[in-house]
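# Fold and contact review
Residues per chain are reported as follows:
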Amino acid sequence: EMRAQSERFGAEIMSGHVTAVDLRSTPFAVQMGGETEQTRSLIISTGASAKLLGLSSERTLMGHGVSTCATCDGYFFREKPIVVVGGGDSALEEAIFLTKFASHVTVVHRRERLRASKIMQDKAFGNPKISFEWNSELAEIKDVEQGVVTGVVLRSLQNGDAKELLAEGVFIAIGHTPNTSLFRGQLELDANGYIEVGRGSRTTVSGVFACGDVQDHVYRQAITAAGSGCMAAIDAERYLESEGS
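In this report, we go over the structure that sits alongside the text. (Residues numbered from 1 in each chain as written. Predicted model: local features only at pLDDT ≥ 70, side-chain atom pairs only at ≥ 80, totals over all residues. Heavy atoms only, no water.)

So, on to the packing of helix 4 (residues 89-98) against helix 5 (residues 118-125). Running from amino to carboxyl end, helix 4 crosses helix 5 at an angle of 30 degrees, the nearest separation of the two axes being 10 Å. Compared by their axis directions, helix 4 and helix 5 come out roughly parallel. The way helix 4 lies across helix 5 gives a crossing that is left-handed. Taken together, the residues of helix 5 that come into contact with helix 4 (itself represented by Asp89, Leu92, Glu93 and Ile96) are Met120, Gln121, Lys123 and Ala124. For the contact of helix 4 with helix 5, the per-class residue count stands at four nonpolar, one polar and three charged. (Axes fitted to C-alpha atoms, helices over the stretch in contact; angles between N-to-C directions. Helix = DSSP H or I, 4+ residues; strand = E, 2+ residues; numbered from the N terminus. Parallel < 35°, antiparallel > 145°, perpendicular 65-115°, else oblique. Left-handed = near helix turned anticlockwise from the far one by under 90°. Contact = heavy atoms within 4.5 Å. Nonpolar A, V, L, I, M, F, W, Y, C, P; charged D, E, K, R; others polar.)

Residues Met120, Gln121 and Ala124 constitute the buried set of helix 5. Projected onto a plane normal to the axis of helix 5, the buried residues spread over an arc of 100 degrees and lie on a single side. Among the exposed residues of helix 5, those pointing more than 90 degrees away from its buried face are Lys118, Ile119 and Lys123. Buried residues in helix 5 make contact with helix 4 and strand 9 (130-133). (Buried < 20%, exposed > 50% of the residue type's maximum accessible area, 1.4 Å probe, protein only. Arc of directions from axis to C-beta.)

One pass over the structure, following the stated rule, counts eight aromatic pairs. With centroids separated by 5.0 Å and ring planes inclined at 5 degrees, the aromatic side chains of Phe132 and Trp134 adopt a geometry described as stacked. Ring plane angle 70 degrees and centroid distance 6.0 Å describe the contact between Phe209 and Tyr239, whose orientation is recorded as edge-to-face. Of the two residues, Phe209 is situated in strand 15 (residues 208-210) and Tyr239 in helix 6 (residues 222-244); the sequence distance between them amounts to 30 residues. On the basis of relative accessibility, which here comes to 13%, the residue Tyr239 falls in the buried class. Taken together, the ring pairs in this structure connect Tyr75, Phe76, Phe97 and Phe101 into an aromatic cluster. (Phe/Tyr/Trp six-rings, centres within 6.5 Å; stacked < 30°, edge-to-face > 60°.)

Core analysis: the biggest nonpolar cluster contains 19 residues, and Ile82, Val84, Leu92 and Val105 have the highest contact counts within it. When contributions to this core are tallied by element, the ones reaching two or more residues are strand 7 (81-85), helix 4, strand 8 (104-108), helix 5 and strand 9. Here this core takes four residues from helix 4, the largest share from any one element. Those residues in contact with Val84, other than ones at most four positions away along the chain, are Ala91, Ala95, Leu98, Val105, Thr106, Val107, Val108, Phe171 and Ala173. (Core = buried A, V, L, I, M, F, W, Y, C linked by side-chain atoms within 4.5 Å.)

Right, here's the structure in full:
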């Protein structure tokens, strides 16, 4: 429906994989599928990818009990035991949120103390539905053969001992990586690789705008991404109008 609405207003939609961009001069060059498109302005909305542990069972069971978004999927785990992997503010925020639904939440962390802020730690430690597995890593997610999460295997980083926990949900909360490799060396990025924006959605290159999770490591919600997309569209339109005058 949104695509049809866009096309009614004159938008041309092309599908393909962008392999390179050249933002050194205008018009900008966007290479896609062996062809190069020229454009006077560019809106970047490539998002950020959740970091994963790298387990084969993690990918196999993604969407079948494994998730990277508590606000998206928490409702599906009512009265079920859940494991959250991570030790930062995001991990504890997810764990606390999931206690609204889960029977119990176990936070698995590689160290013996959390990286999260004291406020978030106090909230988590004070929640009777949250417990912690310290100095541990997630070694395996069960059960691939059944096609759903039934439990996890933890490995102690102190002595290598294995331990099994019952769980019907596993939430990976070890951070995100912004999808900005195409723009390195051409746009200013922050220390974590997110695109720097100012005065709305403007990047450090005139005529290039960024919206959504590629420039937002704080909120990362669909509604805030959509709002920033609207901002970028308005900024791009005004830029093109000023360039044409």
